[in-house]
Amino acid sequence: MTISAKYDRVRSFAFEQIESVFVEKYPELDGKLRLTDISNGAMKFFRNEWKCHPDPSRMSGTYERWSELRTTYRSRFNKRLELAIWHEEQLCCVMLGRVSRRNSITGLYFVDGNNGTALLKGRRLEIATAYLDAFSILLGIEWIAIRNPYSAVEPLYKALGYTEKDPHDRNLDALCKRYDLNTLLLAEPNGSAEDRKIANF
């Protein structure tokens, strides 16, 4: 298995786990919630139907910016977080992140919500951060960071447990949290990191 294929598998496993968790938590999402990579279909939706937030400080960028970001992350970072949150055929949220070079912390760097639909509003960050947490835990990384969080949504991140400073550089603009992996992961016998089951989400 190539390195790229390995992390594709980790992302796919995290998608399945988080979809299952949220359908169980919100049964009305059964058959409607989909988590995918930022596919060509997602970019086509972004170009043709996506509505950016009117406040520039509440958005990461336009279609052109997200297209550039996706290309950069795919070419440079195998250990990247790449997520599109769908409600049926409506794209509701996109995010990108990556693991640090020393594998010490996983960071969410870019996240945007579709301002053209109310679908999944109030749950988008909950889903996105659950995926962020799952991806990090599957790789055995305890520290997770929201990089340069929008000030207006900082209370939401803090309510989701992101309340600490970056342990490696406390001057960085970040909201972080740390998991005790021993309480969260149940490893399959002879299983590899990407086969680990998430016990608590």
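Read on for an overview of the structure. Owing to the predicted nature of the structure, the values given are computational and were not obtained by experimental measurement. (Residues numbered from 1 in each chain as written. Predicted model: local features only at pLDDT ≥ 70, side-chain atom pairs only at ≥ 80, totals over all residues. Heavy atoms only, no water.)

**A short note on the packing of aromatic side chains**
Next, step 1: Summed over the entire model, instances satisfying the criterion amount to 10 aromatic pairs.
Next, step 2: Here the aromatic rings of tryptophan 66 and phenylalanine 110 are separated by 6.5 Å at their centres, their planes lie at 75°, and the arrangement is edge-to-face. Of the two residues, tryptophan 66 sits in helix α3 (residues 63–76) while phenylalanine 110 sits in strand β4 (residues 105–113), which places them 44 residues apart along the sequence.
Next, step 3: Residue classification places tryptophan 66 among the buried residues on the basis of a relative accessible area of 1%.
Next, step 4: One aromatic cluster is present, built from ring pairs that chain together Phe46, Trp50, Trp66, Tyr73, Phe77 and Phe110. (Phe/Tyr/Trp six-rings, centres within 6.5 Å; stacked < 30°, edge-to-face > 60°. Helix = DSSP H or I, 4+ residues; strand = E, 2+ residues; numbered from the N terminus. Buried < 20%, exposed > 50% of the residue type's maximum accessible area, 1.4 Å probe, protein only.)

**Description of the pattern of salt bridges**
Two side chains bearing opposite charge may form a pair once their charged atoms approach each other closely.
Next, step 1: Summed over all chains, the structure comprises 11 salt bridges.
Next, step 2: Notably, a salt bridge pairs arginine 34 with glutamate 89, separated by 3.8 Å at the nearest N-O pair. Of this pair, arginine 34 sits in strand β1 (residues 33–36) while glutamate 89 sits in the loop between β2 (80–87) and β3 (90–99), placing them 55 residues apart in sequence.
Next, step 3: For lysine 177, the salt bridge goes to aspartate 133, with nearest N and O atoms at 2.8 Å. One end of the pair, lysine 177, is in strand β6 (residues 174–178); the other, aspartate 133, is in helix α4 (residues 124–138), with 44 residues separating them in the sequence. Residues lysine 177 and aspartate 133 agree in their burial class; the two are buried. (Salt bridge = Lys/Arg side-chain N within 4 Å of Asp/Glu carboxyl O.)

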